Amino acid sequence: MMLLAENICVRRGARAILDAVSLEAGAGEFIAIVGANGAGKSTLLSILAGLLQPDSGRIVFKDRPLSQFEGSALARLRAYLPQNPRCEWPISVERLVALGLTPTLPTFGGFSAADDARIARAIETGDLADHRHQEATSLSGGELARAMLARAYVGDPEALIVDEPIAGLDPRHALDAMRRLKSFANEGKLVIAALHDLTLAARYTTRVVAMRAGRIESDGPVASTMTTGMIRRVFDVEARIVGSGEGGYVDFIGN
Amino acid sequence: MTRSGWITPVLLALLALLIAISLLIGRVWLDPRAIVHEAFSPAPQVAGLIVTELRLPRTLLACLVGATLGLSGAVLQGFTRNPLAEPGLLGVSAGASLGAVIAIYFGMASLFEFTAPIMGLAGALGASALTFALGRNGGTLALILAGAAVSGLAAALISVALNLAPNPYAAYEIMTWLLGSLSDRSWNHVWLILPFVIVGCTMLLYTAKGLDALSLGEVQAQSLGIDLKRLRVLVVLGTALSVGASTSVTGAIGFVGLVAPHLIRPLVGAHPRKILVPAAALGALLLLLADIATRLIRIGPEIKLGVITSLVGTPFFFWLVVRLRRTSP
């Protein structure tokens, strides 16, 4: 197992944000975390990424307790993208993508030729060649999301943890992003993404983890977890699931 | 990538030129030939003494203090991702001023020449410790608010000192000190602040990588392996030492630390790391230019350095507002 979480609990005062959550994830999986707002998806992703310490429970990443990793050593192995990532200075897209190499850089000194090649490749893969020198603050939402994703994979991490990567994207860019994440999983990386679009989750991911009120409601391959019963329990809405695989879609009827 | 390698060499060349000019200009205008001639003569003469004992330390102080202000301004703007951040943000300048004012108020400054700077340094360190303790468990915003609170407290206590000043002369002395000046500073002042400025500025330079990563916000910076706690200690302690020491010998000097990083930013593609060294060079250049201006403008008493930087700096603020209004939606 690449990533193993056991009995994770997070409390804010009397309220449990995560309540005894356990999860195992291996290389090559593309896991969708789904659930209503406030179900604990983002908190779980932060914990899996090692950015937040749980109140109890343990996480093991590549056979080592996550808490034992040094910051930059962990950063080389896993990339994390929060919800709506923003760029605060008008740096160029190329610079933004290059920031993904921060954990491998010395305190002083610039990029090696190998780094430059990696940056160029990530820009190419992200379909950003035309925006290379554009200021990141002037990108459209879809372009910025692509640039941030390129920033996440430029260092070639083994695990990619992304929080709502397709929120706010138009259909074409949402499909693009899902296809790209899927291809990472196909390359043998672990991809974990919080997703609200159940149709795209059903089409592209290999496994669905459904959360409700800080607990995992169901966890398994798409075909067995993406059911009308699960959607009713997790989201409190009635849904209809039509078809499966590439052509399948999830339709909400009412509550 | 933006080609920005030329900026620092050009600024340093200009700075060297300005240093040469600064040595010649003042109440007594010196002829460069006389100085060269004196350098080779065995007995020291007036022109030589003016240069080595008066103008050289003053010029070096201007460079040290200006570089400190430019660098710390660039670091604080990068750290807070706020273009309005300046070296006084964490309460360091106000703390240094308060320390020096206390020394003047109780007449300690007249007993021993360096009481004011030493008390100023103590005030800067105390103020930054208070800021750090207040903003310890919050984010960057908590630190900024803590700095504002500490600055406010120090300013209030300075007002108390002015209010209760035992005689008009003491009040005048405090006010003059607060305006900021480089006149009548000696080599001793240079040696006094040099170690603090070197250590503080080195700490500030070590923030470069963290500042770059912070372009993506605190969460992403942390996910990229940046230790935000360590970064915060470097920023606060580096500013306390370098800006604290600088302010304690010159008084609070505004705008240089705000303006220098702003002027550099567009030249280096807004890349936080690349702003640091050029901003330090430009800070030195601007402060030396302002100090030369105080020597050239002869209307009544000497115009204070802090007054010049504020007078020239405020229009820049207006320009900043107009530009922000144009670029932000």
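That block above? That's the structure.
These numbers were taken from a predicted model, which means no experiment stands behind them.

**Overview of the overall build of chain A**
- If you tally the helices and strands in chain A, you get nine helices and 12 strands.
- Here the C-alpha atoms of chain A give a radius of gyration of 18 Å, agreeing with the 18 Å that 2.2 N^0.38 yields for 255 residues.
- Sorting the 255 residues of chain A into buried and exposed places 46% on the buried side.
- For chain A, the proportion of contacts with a sequence separation of at least 24, taken over those separated by at least 6, is 63%.

**What to know about the sheet that holds strand β1 (residues 3-12) of chain A**
Residue and element names in this part refer to chain A.
- Strand order across the open sheet formed by four strands is β2-β1-β4-β5, with antiparallel pairing between neighbours. Both outer strands of the open sheet, β2 (15-25) and β5 (64-65), are each paired with one neighbouring strand and no more.
- Here seven bridges tie β1 to β2, and the two strands are oriented antiparallel to one another. Paired with R11 across the two strands is A16, which belongs to β2.

**Quick notes on the interface of chain A and chain B**
- Contacts between the two partners involve 24 residues from chain A and, on the opposite side, 22 residues from chain B.
- Mapped by element, the contributors of at least two residues to the side of chain A that touches chain B are α2 (71-77) and α3 (93-98) of chain A.
- Top contributing element to the side of chain A that touches chain B by residue count: α2(A), with four residues.
- The class makeup of the residues in the side of chain A that touches chain B is 15 nonpolar, five polar and four charged.

**Quick word on the pairing of strand β7 (residues 159-163) of chain A**
Residue and element names in this part refer to chain A.
- In terms of burial, β7 is a largely internal element, five of the five residues being buried.
- Residues A159, I161 and D163 of β7 are buried on one face, and the alternating residues L160 and V162, pointing to the opposite face, are buried as well.
- Judged from the four bridges that link them, strand β6 (residues 78-81) and β7 form a sheet pairing that is parallel. Its bridge partner lying in β7, A79 is registered against L160.
- With five bridges joining them, β7 and strand β8 (residues 190-194) adopt parallel strand pairing. By the bridge assignment for β8, I161 is matched with I192.
- Crossover handedness for the path β7 to helix α6 (residues 171-186) to β8: right-handed.

**Focus: the sheet that holds β7(A)**
Residues and elements named next belong to chain A.
- Strand order in the open sheet formed by six strands is β6-β7-β8-β3-β9-β10, and the pairing between neighbours is mixed. Both edges of this open sheet fall to β6 and β10 (215-221), since each of them pairs with a single strand only. Each strand axis lies, on average, 15 degrees off the axis of its neighbour in the sheet, ignoring direction.
- In this structure, strand β3 (residues 30-35) lies alongside β8, joined through four bridges in parallel fashion. Following the sheet pairing, I31 is matched in β8 by I192.

Rules and cut-offs
- Residues numbered from 1 in each chain as written.
- Chains lettered and ligands numbered in written order.
- Predicted model: local features only at pLDDT ≥ 70, side-chain atom pairs only at ≥ 80, totals over all residues.
- Helix = DSSP H or I, 4+ residues; strand = E, 2+ residues; numbered from the N terminus.
- Rg over C-alpha atoms; globule rule 2.2 N^0.38 Å.
- Buried ≥ 20, exposed ≤ 12 C-beta atoms within 10 Å, placed from the backbone.
- Contact = placed C-beta atoms within 7 Å.
- Pairing = 2+ DSSP bridges.
- Nonpolar A, V, L, I, M, F, W, Y, C, P; charged D, E, K, R; others polar.
- Right-handed = clockwise from strand over helix to strand, strands pointing away.
- Axes fitted to C-alpha atoms, helices over the stretch in contact; angles between N-to-C directions.

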